[in-house]
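Descriptive structure summary
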Amino acid sequence: MIRLSTLFLLASVTCASAQDVLDTLRGQYGSASDPATSCAANPHDLDFMAQPPHAMFSWSAPWTDADGNSVSYERYDMLSVTDNALVLRLEGDTRRTATGDRPIWLLRPTTQPEGYCWGRTDWPSVHCENQQVRCEKATS
C-alpha cells in the first residue's frame, strides 16, 4: 500500500512539474538571429494541447522555412516533457536523420536570453541552435 501511494505521489509531482514547464514556455517568441521572424517583424505564439499532447506554433504572417515552404503554423507531437526539454516530433516532417529515422526535436528552455533553442536527439547534447527569445508582454 505504501508503495502504491508513493508511486501515485511521484506521478502527481511529475505531472505537476510537466505542467509547470508548459505554463512557463507558453507565450510569444521571435528569432534572435533572423530579422524576418523576430519579435518586431513576425513573432510566433507557442501553445500546448493536452489531448493528444501537442506543441503548436503559429506565426503572425507566413514565412519561408529552410526548405522554401511557406509556413504560418506547425504542430509537433509531444513525446515527453522534462525539466530541461520538450521532446517533440514535427507532424508531416519529411527530413530524416543519418539512420533514416524522422528527427526527434528537443525544445530547450533558455534563461539568458529568456526563450528557447532547438536540439535533436541525433545531435551532440550541447548542440542547441536557432535561439528564440521571449517577446515582451504588452503592458496594460
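Quantities reported herein were computed from a predicted structural model and do not represent experimental measurements.

1. As for the sheet that holds strand E5 (residues 86–90)
Spatially, E1-E2-E3-E4-E5-E6-E7-E8 is the arrangement adopted by the eight strands of the closed barrel, whose pairing is antiparallel. Going across the sheet, the axis of each strand differs from the next one's by a mean of 35°, ignoring polarity. Across three bridges, the pairing between strand E1 (residues 27–31) and strand E8 (residues 129–134) is antiparallel. What sits directly across from serine 31, in E8, is glutamine 132.

2. Brief notes about the confidence of the model for the protein
Averaged over the protein, the pLDDT score is 85; the fraction of residues at 70 or greater is 86%. Below pLDDT 50 for its whole length, residues 1–14 participates in zero contacts with residues either more than four positions away or in separate chains.

3. A word on the nonpolar core
Ranked by internal contacts, the top residues of the largest apolar core, which has 20 residues, are Leu46, Phe57, Leu88 and Leu107. Within the residue set of this core, elements represented by two or more residues are helix H1 (2–25), strand E2 (44–49), strand E3 (54–64), strand E4 (70–81), E5, strand E6 (105–111) and strand E7 (114–120). Top element by residues in this core is E3. It accounts for four residues. In contact with phenylalanine 57, other than residues within four places in its own chain, are His44, Asp45, Leu46, Ser72, Tyr73, Glu74, Tyr76, Leu107, Tyr116 and Trp118.

The rules behind each value
- Residues numbered from 1 in each chain as written.
- Predicted model: local features only at pLDDT ≥ 70, side-chain atom pairs only at ≥ 80, totals over all residues.
- Heavy atoms only, no water.
- Pairing = 2+ DSSP bridges.
- Helix = DSSP H or I, 4+ residues; strand = E, 2+ residues; numbered from the N terminus.
- Axes fitted to C-alpha atoms, helices over the stretch in contact; angles between N-to-C directions.
- pLDDT = per-residue confidence, 0-100.
- Contact = heavy atoms within 4.5 Å.
- Core = buried A, V, L, I, M, F, W, Y, C linked by side-chain atoms within 4.5 Å.
- Buried < 20%, exposed > 50% of the residue type's maximum accessible area, 1.4 Å probe, protein only.

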